[in-house]
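Structural overview
The lines below spell out each chain.
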Amino acid sequence: MRKGMMTVLMLLMVAGTWALTPWKKGAFETKKYRNVFVEMGYKQADVDAKLKEVFNDVFHGPNKVYFEVGDSMGYVSDIKNHDARTEGMSYGLMVAVQMGEKDIFDRLWRWTKKYMQHQDGLRKGYFAWSCKTDGTRNSDGAASDGELYFITSLLFASNRWGNDTGIDYKAEAQNILNCIQPKEYEAQRRPGPWGAFGGGQQNAQQDQQPRKERMFLIDPETKLITFTPDGWGNQFTDPSYHIPAFYEVWARWGDDGRSDFWQQCAQASREYLHKATHPVTGLNPDQSNYDGSLRPGWGNRPNGSNCFRYDSWRVPMNIALDYEWSCADGEWQRQYGERIQNFFYSQGVDTFMDQYRVDGTLPEGGEILGAGGFRKLRHSIGLVATVAAASVMCSHDKAKEFVDALWNARHVPFDDGYFDAYYDGLLRLFAFMHLSGNYRIIFPEHN
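Below or above, wherever it landed, is the structure these notes cover. In this text the structure is predicted, and so the values were computed from the model without any measurement. (Residues numbered from 1 in each chain as written. Predicted model: local features only at pLDDT ≥ 70, side-chain atom pairs only at ≥ 80, totals over all residues. Heavy atoms only, no water.)

**Topic: the pattern of salt bridges**
One side chain can pair with another of opposite charge once the charged atoms of both are near each other. Rules: By definition, a salt bridge exists where a carboxyl oxygen of Asp or Glu is found within 4 Å of a side-chain nitrogen of Lys or Arg. Strands are runs of DSSP state E lasting at least 2 residues, helices are runs of H or I lasting at least 4, and numbering of each runs from the N terminus. Whether a residue is buried, partly exposed or exposed follows from its accessible area with a 1.4 Å probe, protein chains only, as a fraction of its type maximum: under 20%, in between, or over 50%, in that order.
The full count for this structure, using the stated rule, is 25 salt bridges. A salt bridge links Asp-57 to Arg-428; the shortest N-O distance between them is 3.1 Å. Linking Asp-57 in helix α4 (residues 44-59) with Arg-428 in helix α15 (residues 423-435), this pair joins segments that are 371 residues apart in sequence. The exposure class assigned to Arg-428 is buried, which follows from its relative accessible area of 4%. The residue Asp-416 makes a salt bridge to Arg-378 at a minimum N-O spacing of 2.8 Å. Of the two residues, Asp-416 is situated in the loop between α14 (398-408) and α15 and Arg-378 in the loop between β9 (356-357) and α13 (381-389); the sequence distance between them amounts to 38 residues. Using a relative accessible area of 31% as the deciding quantity, one classes Asp-416 as partly exposed. We classify Arg-378 as buried; its relative accessible area is 6%. Among the charged side chains, a salt-bridge network with shared partners connects Asp-78, Lys-80, Asp-83, Arg-85 and Asp-420.

Shown next as structure tokens:
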């Protein structure tokens with residue numbers, strides 16, 4: 001009996017040590033993934049049930065954001081804004097291919113291609129970033145993160161299901177890869193938010209003479225992703241659009257003749273994130289210059305682009321993904337993970353706010369970005385989720401508190417009625433996929 005107890009204690013000690021050992025290699029090499037929930041004491045059956053529950057909340061439950069159209073299409077809606085966005089559609093595709101939900105994937109892609117993707121003209125291959133749920137475009141302009149996810153999700157679908165089941169996923173991905181290469185056009189007016197030719201907010205000032213502009217998803221000089229691929233948004237970037245490991249997927253399976261370039265993009269993106277995250281707090285702005293420096297505000301967002309808020313929430317989880325898949329920047333990523341968790345720990349694991357200036361002070365007035373008719377700081381489950389996902393990179397004891405906070409958090413309306421089933425719900429789902437070891441590189445299963 002005593003010997004048995006000693007054996008159990010030794011196993012627990014070994015398991016605890018293993019859980020805190022930093023990774024040296026990523027899943028591109030090992031094809032292995034951590035189940036952080038199980039490492040921290042949760043039962044595998046409970047983890048499986050919880051992941052299924054969170055998935056159902058997003059795709060099938062009473063607060064779902066996924067809706068089927070007819071026999072062959074479907075869309076993901078930002079409910080509070082009454083539209084479908086390339087952000088949500090591409091997230092839905094990634095979740096579907098990760099979870100093996102081929103019918104959902106194919107429905108989302110058919111809707112995306114029919115209503116969002118430009119089939120000709122200057123924007124051929126790009127996607128209108130926002131559409132009404134009947135498919136009518138709110139804006140023709142693209143938001144670059146959508147294309148980033150579309151390409152990666154399609155390549156994974158090709159690897160998982162092949163290209164002869166009704167959709168040639170590989171060809172669709174290669175079409176986008178070819179269309180996002182730099183092209184010139186004549187600009188008749190100063191570009192404004194969401195594209196010079198789009199239906200979004202425009203800068204009223206006109207150019208005296210037409211001038212040449214360039215459209216590109218990836219800035220050819222810095223090799224960094226643009227905020228939008230037009231003449232306005234390709235002057236800067238968004239830290240939350242940076243997922244270096246996605247470029248490694250393109251390099252391996254895009255077969256577009258640009259493998260070396262995509263590997264260079266991955267390295268440039270990692271180096272950029274060093275500059276764009278605050279050295280003390282770990283926080284990053286919503287937008288930045290290509291050198292990582294802060295940008296002035298625009299429109300109704302004075303200094304807002306310099307704040308850590310909705311877009312910014314994704315960065316801890318994106319860096320965790322690159323750590324899990326590639327581990328090419330593992331030492332810095334582990335330091336970053338603990339740095340940003342230390343900051344939020346200092347604000348209270350159950351009380352930290354969802355918007356900050358990058359120095360860790362709270363924004364005021366117009367710096368606070370409103371959502372759903374409210375302009376208010378909250379303890380949002382979307383940020384709870386992404387900070388918990390950073391635990392994949394962390395060795396300190398605080399990581400478990402963030403994981404427990406996510407596990408126990410209820411995704412329900414706030415007391416004032418605000419509820420975000422879409423963005424909060426999707427980030428929560430991604431975090432549970434990460435922490436359960438179910439956000440994976442999909443290697444080819446078909447020749």
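This is not the end of the story, as more comes after the structure.
**Focus: the nonpolar core**
Soluble, globular proteins show a tendency: their nonpolar side chains are buried together. Heads up, the condition is: We define a nonpolar core as any set of buried Ala, Val, Leu, Ile, Met, Phe, Trp, Tyr and Cys residues linked to one another through side-chain atoms lying within 4.5 Å. The criterion used for residue contact is that any of the two residues' heavy atoms lie within 4.5 Å.
One finds Phe-105, Trp-250, Trp-325 and Phe-344 to be the most contacted residues of the largest nonpolar core, which totals 135 residues. Among all residues touching Phe-344, those that are not within four sequence positions of it are Leu-283, Phe-308, Val-349, Phe-352, Met-353, Tyr-356, Leu-383, Val-387 and Phe-402.

**Here we look at the pairing of strand β1 (residues 66-69)**
In plain terms, the rule: Pairs of strands are assigned from DSSP output, requiring at least two bridges between the strands.
Sheet analysis places β1 next to strand β2 (residues 73-76), joined by four bridges and oriented antiparallel. Considered in β2, the bridge of Val-69 is made with Met-73. Counted along the chain from β1 to the antiparallel partner β2, the turn is three residues long, and its residue Gly-70 has a positive phi close to 60°.

**Some thoughts on empty space enclosed by the protein**
Inclusion rule: Definitions used for this entry: grid spacing 1 Å over protein atoms alone; cavity, a set of points where a 1.4 Å probe fits but cannot get out; pocket, an open set with protein on both sides within 12 Å along at least 5 of 7 lines; lining residue, one with an atom within 4 Å of a point. Grid points are joined across faces, edges and corners, and a volume is the space filled by probe spheres set on the points. Residue polarity is assigned by list, with Asp, Glu, Lys and Arg as charged and Ala, Val, Leu, Ile, Met, Phe, Trp, Tyr, Cys and Pro as nonpolar; anything else, Gly included, falls into the polar class.
Counted by the stated rule, this structure contains four cavities of 30 Å³ or more. Taken as a whole, the largest cavity encloses approximately 70 Å³ of empty space. With four residues, the single largest contributor to the lining of the largest cavity is helix α11 (residues 314-325). For the lining of the largest cavity, the class distribution of residues is seven nonpolar, three polar and one charged. Roughly 60 Å³ of internal volume is contained in the second largest cavity. Lining the second largest cavity are Tyr-310, Trp-313, Asp-354, Ala-371, Phe-374, Lys-376, Arg-378, Ser-380, Tyr-418, Asp-420 and Asp-424.

Remember, this is a structural readout, not a statement about activity or role.
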